[in-house]
Amino acid sequence: MTAYNVNTILTASAVPAILALGQAFVIMTAGIDLSNAAVLTLGAVTFGWFFFRGYPLIWCMISAIIVGLIAGLINGLIIAQFKINDFIVTLGMLSLAQGVALVISNAKPVQVISPVLAQFAIGKIWVIPYLMILAFVLLLICQFFLTQTKFGTHVLATGGNTDAARAMGVRTKAIKVSVYAISGTLAGVAAIVTISRIGAAEPAVNTAFLLNSVAAVVLGGVSLFGGRGNMIGPFVGAILLTMIINGLIVAGVPQYYQFIAIGLIVMVSAVLVRSAK
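On a predicted model such as this, the values are computed, not experimentally measured, just so you know.

Draft legend 1. Inspection of the packing of helix α2 (residues 36–52) against helix α10 (residues 207–219) at higher detail. α10 packs onto α2 with a crossing angle of 130° between their chain directions and a minimal axis gap of 7 Å. Accordingly, the angle class assigned to the pair α2 and α10 is oblique. The two elements α2 and α10 cross, and the hand of that crossing is right-handed. Facing N36, A37 and L40 of α2, the residues of α10 in contact are F209, L210 and S213. The residue makeup of the contact of α2 with α10, split by class, is 4 nonpolar, 2 polar and no charged.

Here it is as structure tokens:
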């Protein structure tokens, strides 16, 4: 494998890796976030809306992250306060975010011409792209909070046994809200990374991001039943998935077979995790 191939794979892995970190927090609490790809799109469209109107780049970036945070908070609050199934809530947010993105953008992409973002997208240290360095920094932050803070312990406790965790004084509702807020915020960050790569804010939702984020978490050994896992596994899982997809593309495998391959990986990984439990 050449240095160019390594750089290409790592660049393509950045967005799935960032989304997988947020998804991992949610799944560790025995939940799932089906809206992260749509929230990414909404964040990107919001970025484009402000950029088109001449707002400073930093504000455009902040707006994308804030939108992601708000979407995550809405998910978490509804799930925690009203005890509604996370599948239903995040599925609803998926449709809501997608619809709002289409309305804001009038279903048209917004070109984002920014030398700063362009340099960020193509810049690298040796073969490591800046985008992957950002993803790696986020990995270190997430791993630190999961393994070295009370918050991380409470996340795993909530996923392992919510009733027992609540009886021990863990604010399980606050933990639920927090993990969805983290997932939404990271989706906002992923929106910025996506824009820097393609140079536009696209209103179309890339559902492959959702599938890949779940697949990376499962492939990384995080239990779908909550209570067990780390951040390194999903991060590596995202890179492995990207390598597999890249390999299929190089081999000339049609795109629809790629979806079959990822689906099989998810199912087999889930079975193996279940067996291990």
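Draft legend 2. Highlighting the nonpolar core. Of all hydrophobic cores here, the largest spans 77 residues; its most connected members are I18, L21, F47, M231 and F235. With 13 residues, helix α1 (residues 3–28) is the single largest residue contributor to this core. Among residues more than four places away in sequence, those in contact with L21 are A135, L138, L139, C142, L186, M231 and F235.

Draft legend 3. Spotlight on a nonpolar patch on the surface. Judged by side-chain polarity, W49, Y55, I58, W59, I62, I66, I70, I74, L96, V100 and I104 come together as a nonpolar surface patch covering roughly 900 Å² of accessible area. At the level of elements, α3 (57–82) and α4 (86–105) are the ones that each hand at least two residues to the nonpolar patch. By residue number, the principal contributor to the nonpolar patch is α3, which donates 6 residues. Structurally, the position occupied by W59 is in helix α3. Owing to a relative accessible area of 33%, W59 belongs among the partly exposed residues under this scheme.

The rules behind the values
Residues numbered from 1 in each chain as written. Predicted model: local features only at pLDDT ≥ 70, side-chain atom pairs only at ≥ 80, totals over all residues. Heavy atoms only, no water. Axes fitted to C-alpha atoms, helices over the stretch in contact; angles between N-to-C directions. Helix = DSSP H or I, 4+ residues; strand = E, 2+ residues; numbered from the N terminus. Parallel < 35°, antiparallel > 145°, perpendicular 65-115°, else oblique. Left-handed = near helix turned anticlockwise from the far one by under 90°. Contact = heavy atoms within 4.5 Å. Nonpolar A, V, L, I, M, F, W, Y, C, P; charged D, E, K, R; others polar. Core = buried A, V, L, I, M, F, W, Y, C linked by side-chain atoms within 4.5 Å. Buried < 20%, exposed > 50% of the residue type's maximum accessible area, 1.4 Å probe, protein only. Patch = residues over 30% accessible without salt bridge, like charges linked within 9 Å, V, L, I, M, F, W, Y side chains within 5 Å. Areas by Shrake-Rupley, 256 points an atom, 1.4 Å probe, with all protein chains shown as cover. Salt bridge = Lys/Arg side-chain N within 4 Å of Asp/Glu carboxyl O.

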